[in-house]
Amino acid sequence: MSDYELDGVDRQILHALQEDARNLSSGEIAERTDASSSTVRKRIQRLESEGVIKGYSADVDYQKSGYPLRMLLFCTAPIPERGEMIEDILSIPGVVSVQELVTGEQNLLVTAVGESDDDITPVAQELLDMGLTVADEVLVRSHETTPFEDFSSP
């Protein structure tokens, strides 16, 4: 984000969108923020154009959709190259996210989903083929999220 700083209304809008971006209207968000619907719409557009809101997506329960395995792969990549590798890692079938870590030896966290070990094992092999070291693999039982609390009040 450039010189744009979030104020209380922006934070409340972000909190509302994190709770239920699909079903809340700008009027409903306006009621929560004591702002007008047009102000909420303009703020959302500005938050999008500033890159604060990067997009909207479905929160998929992979287990219920037939992909019961969620694997976290902690990887080590050469520091100058790790950021450049993210797009290639995301193109690996089964990979659903990559996080760049800045502390510790493991500097990339790759999340992959699949139906069985046969789906996950090739992901690890492709990461190795890319020159990454897979330091640890963790099978996830569940994954829940919540809106960021600091966004809930002005």
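This text gives an overview of the structure that appears in the document. This structure is a prediction, so every number in the text was calculated from the model and none was measured.

1. A look at the overall build of the protein
Of the regular secondary structure elements, the protein holds 5 helices and 4 strands. Along the chain direction, N to C, the helices and strands of the protein fall in the order α-α-α-β-α-β-β-α-β. Expected size for 154 residues packed as a compact globule is a radius of gyration near 15 Å; at 19 Å, the protein overshoots this value by more than 25%. With the principal axes as the frame, the protein shows a C-alpha extent of 55 × 40 × 25 Å.

2. Considering the sheet that holds strand 4 (residues 133–140)
Taken together, the 4 strands give an open sheet; going across it, the order is 2-3-1-4, and neighbouring strands pair in antiparallel fashion. Two strands in the sheet have a free side with no partner beyond their single neighbour: strand 2 (95–100) and strand 4. Each strand axis lies, on average, 20 degrees off the axis of its neighbour in the sheet, ignoring direction. Pairing between strand 2 and strand 3 (residues 108–114): 5 bridges, direction antiparallel. Looking at the pairing, V98 lines up with V110 of strand 3. Helix 4 (residues 82–90) rests against strand 2 and strand 3 of the sheet, and its axis sits at about 175 degrees to strand 2. Strand contacts of helix 5 (residues 117–129): strand 1 (69–76), strand 2, strand 3 and strand 4, with the helix running at about 15 degrees to strand 1, the strand carrying the most contacts.

3. Quick look at a negative patch on the surface
Taken together, the side chains of E115, D117, D118 and D119 present a region of like negative charge at the surface. Locating E115 in the fold gives a position in the loop between strand 3 and helix 5.

4. Looking at the pattern of salt bridges
Close approach of charged atoms allows side chains of opposite charge to pair. By the definition in use, this model includes 4 salt bridges. A salt bridge links D10 to R43, with the nearest nitrogen and oxygen atoms 2.9 Å apart. Highlighted residues: D10 in helix 1 (residues 8–20) and R43 in helix 3 (residues 37–49), separated in sequence by 33 residues. With respect to burial, D10 and R43 carry one shared label: buried. The partner of E19 in a salt bridge is R32, with the nearest N and O atoms 2.4 Å apart. Taken together, the positions of E19 in helix 1 and R32 in helix 2 (residues 26–33) put the pair 13 residues apart, joining distant regions of the chain. Relative accessible area serves as the criterion here: at 42%, E19 is assigned to the partly exposed category. Where salt bridges share partners, they join D7, D10 and R43 into one cluster.

5. Some words on the environment of P68
Of note, P68 is situated in the loop between helix 3 and strand 1. For the pair P68 and R141, spaced 73 residues apart in sequence, the C-alpha to C-alpha distance is 8.8 Å. The residues touching P68, leaving out its near neighbours within four places in the chain, are Y62, Q63, G114 and E115.

Scoring rules and cut-offs
Residues numbered from 1 in each chain as written. Predicted model: local features only at pLDDT ≥ 70, side-chain atom pairs only at ≥ 80, totals over all residues. Heavy atoms only, no water. Helix = DSSP H or I, 4+ residues; strand = E, 2+ residues; numbered from the N terminus. Rg over C-alpha atoms; globule rule 2.2 N^0.38 Å. Pairing = 2+ DSSP bridges. Axes fitted to C-alpha atoms, helices over the stretch in contact; angles between N-to-C directions. Contact = heavy atoms within 4.5 Å. Patch = residues over 30% accessible without salt bridge, like charges linked within 9 Å, V, L, I, M, F, W, Y side chains within 5 Å. Areas by Shrake-Rupley, 256 points an atom, 1.4 Å probe, with all protein chains shown as cover. Salt bridge = Lys/Arg side-chain N within 4 Å of Asp/Glu carboxyl O. Lys, Arg positive; Asp, Glu negative; His and termini not counted. Charge placed at Lys NZ, Arg CZ, Asp CG, Glu CD. Buried < 20%, exposed > 50% of the residue type's maximum accessible area, 1.4 Å probe, protein only.

In short, the description is geometric, and any link to function would need to be established separately.
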